[in-house]
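# Examination of the molecular architecture
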Amino acid sequence: MLAFSYYPVNDLDPLMKGLVIGGLGIFHVFLAQLAIGGGILMSYIQWLYQTGRCPNGRRFVDDYFRVLVLVSFVMGAVTGVAMWFTTIQISARTIGVMVREFHWLWAIEWTFFSLEVVSGYMFYRYGQKLPDGLRLKLLVLYSLAAWFSLFWINGILSWQLTPGRWLETRGVWDGFFNPSFWPSLVFRTISAMAEASLAACVLINAVPGFSREERASLISVCARPLSLMILMPLLGLWYIGVIPEDSRGWVTGGSIAMTMFLTLAVGSSALIGVYSLVAILREKLYVNVATSALLLFLAGLATAGGEFVREGVRKPFTIREYLYSNSLTPEDVAELRRTGCVSRDPYPLRDRENYPTPQVRLGAQVFRIQCSICHTLAGANALVELTETWSLDQKRLNFAQLQRTKAFMPPFAGTADEVEALVQFITWRHEGRPAEWETSADETVQAQIQKWLDEAGTGRGGDSETVAARAAQAAKEVK
């Protein structure tokens, strides 16, 4: 009996589902980090004001906080809810496992988020009327709540890539304090402070009433956290060093897309860091609105590149070594090789009358269950376009041995009949979806597909099982 349940599959063509989650997630992460860094920065400026080292600090904090509330509370909350809604629609099993394993930690994180919202609203509503001491306490409370919200969510997100000892013990704390927890937490904290500093530089230029000297003084104060960016190269190496070896391989040339996005993140961060350290902090150059907006834009690119890499290097998993990107576990794959992936699928195929044969309909169902999470039929990353130049036998071989075709693909989870059905469905699309289509029923072809399936095994690409199978096959062919 299979352990998983089938979920309805939403068709977002021409959008690729992974990019929908990724794009929304990147936007949300940028806003969330801005709120966290902003709280720390405002507490620092308020403290400088109270000690007489930043005369315009109080006024600036009030102006900055209005923007922070608007951005983080409204847009951040909306995108946060949208993330939950989208993830449930696209990858219900993944989010289900995360909630099942860490429900109490989610509850703690939401408690801190609630405290962040309440303290933030209180400062927005009453901050200008409060004495300085109480203002600072409220800002520190807001900052701690925001940072601890990051602390808890960071452990759950980093667990997806490096579950560590959780794979053996299933212990909550083994999963939470996983190998990439600390480098990820420190890196995100510094990123948050850098984003907040750059956003402050934009706002200082935008707020009316300050003289150029006052703006220059405020910028010199707000830019100080940027000095922490000097630690980013070491933190980046630390993070790369603790992720799995094959994930490290994706970003160091194994996947062109992963390498390009890592280069984007590193390059953008390097430009910000060098300009900040040399021009702003050392040479004390004035940063106008155009320059500060450009630096903030680069920070957005760095966040986008980094988050894309973090999501991408988990492939072929959504939870490393536990759940593949198509929401099947390795045990499910082995079982579905025997029973077929559509035999228990309760959901009917939309417009089933438009398919010319039962075999093509079966192929459409196989595509929906196994491929549609990362591929479309006629949009982004379209499987029809990716396989357009493949011959029939190439499709049969490559689908049967997906993990060998590309190591970041999960193994095919179905029977030889389902491989052939998927081949016929894709070929039918290549031929312009004709009204009549001949069913493929050659027993020799079925036997060859089964042989390819057996050779590839049910392990992921590059693991010991697959490597052993390849070695055995190679030795057999040599004899």
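Report on the accompanying structure. Model, not experiment: these values are computed from the prediction. (Residues numbered from 1 in each chain as written. Predicted model: local features only at pLDDT ≥ 70, side-chain atom pairs only at ≥ 80, totals over all residues. Heavy atoms only, no water.)

For the rest of this paragraph, the subject is the overall build of the protein. What the protein contains, in helices and strands, is 20 helices and 2 strands. Within the protein, buried positions represent 51% of all 479 residues. For the protein, the share of sequence-separated contacts (at least 6 apart) that also reach a separation of at least 24 residues comes to 75%. (Helix = DSSP H or I, 4+ residues; strand = E, 2+ residues; numbered from the N terminus. Buried < 20%, exposed > 50% of the residue type's maximum accessible area, 1.4 Å probe, protein only. Contact = heavy atoms within 4.5 Å.)

All right, on to the layout of surface pockets then. Space left empty within the atom packing is revealed by a probe, the size of a water molecule, rolled over the atoms. By volume, the second largest pocket amounts to about 910 Å³. Lining of the second largest pocket is provided by 37 residues; of these, F187, M232, G236, A265 and S269 occupy positions nearest its centre. If you list the elements that add at least two residues to the lining of the second largest pocket, you get α7 (181-206), α9 (232-242), α10 (245-254), α11 (256-282) and α12 (289-312). Of all the elements, α11 adds the most residues to the lining of the second largest pocket, at 9 residues. (1 Å grid on protein atoms, 1.4 Å probe; cavity = no way out; pocket = protein on both sides within 12 Å on 5 of 7 lines; lining within 4 Å. Points joined across faces, edges and corners; volume = space filled by probe spheres on them.)

Per the counting criterion, the structure on display carries 21 salt bridges. Among the ionic pairs, D11 bridges to R350, the shortest N-O distance being 3.3 Å. Of this pair, D11 sits in the segment before α1 (17-50) while R350 sits in the loop between α13 (330-339) and α14 (358-371); the two residues are 339 residues apart in sequence, bridging distant segments of the chain. Residue D11 is classed as partly exposed on the basis of its relative accessible area of 48%. A salt bridge links D246 to R320; its shortest N-O distance comes to 2.5 Å. Highlighted residues: D246 in helix α10 and R320 in the loop between β1 (317-319) and β2 (323-324), separated in sequence by 74 residues. One connected set of salt bridges, linked through shared partners, spans R188, E307, R310, E311 and R314. (Salt bridge = Lys/Arg side-chain N within 4 Å of Asp/Glu carboxyl O.)

Moving on: the environment of V419. Tracing the backbone shows V419 in helix α18 (residues 416-430). Accessibility expressed as a relative area gives 0% for V419, which makes it buried. Considering only alpha carbons, one finds V419 and A400, 19 residues apart in sequence, at a separation of 6.4 Å. Filtering out sequence-adjacent residues up to four positions away, V419 remains in contact with R396, F399, A400, F412, I449 and L453.

Going through the model one piece at a time under the given rule, you end up with 1 cavity of 30 Å³ or more. Within this model, the largest cavity holds a volume of roughly 70 Å³. Broken down by secondary-structure element, the contributors of at least two residues to the lining of the largest cavity are α4 (132-161) and α7.

Chemically, a disulfide is nothing more than a covalent bond linking the sulfur atoms of two cysteines. All chains considered together, the criterion is met by 0 disulfides. No disulfide involves C222; its sulfur sits 6.2 Å from that of C201, the nearest cysteine. For C222, a relative accessible area of 0% translates into the label buried. Between C371, a free cysteine, and C341, which holds the nearest cysteine sulfur, the sulfur-to-sulfur gap is 8.7 Å. Accessibility expressed as a relative area gives 12% for C371, which makes it buried. (Disulfide = S-S within 2.5 Å.)

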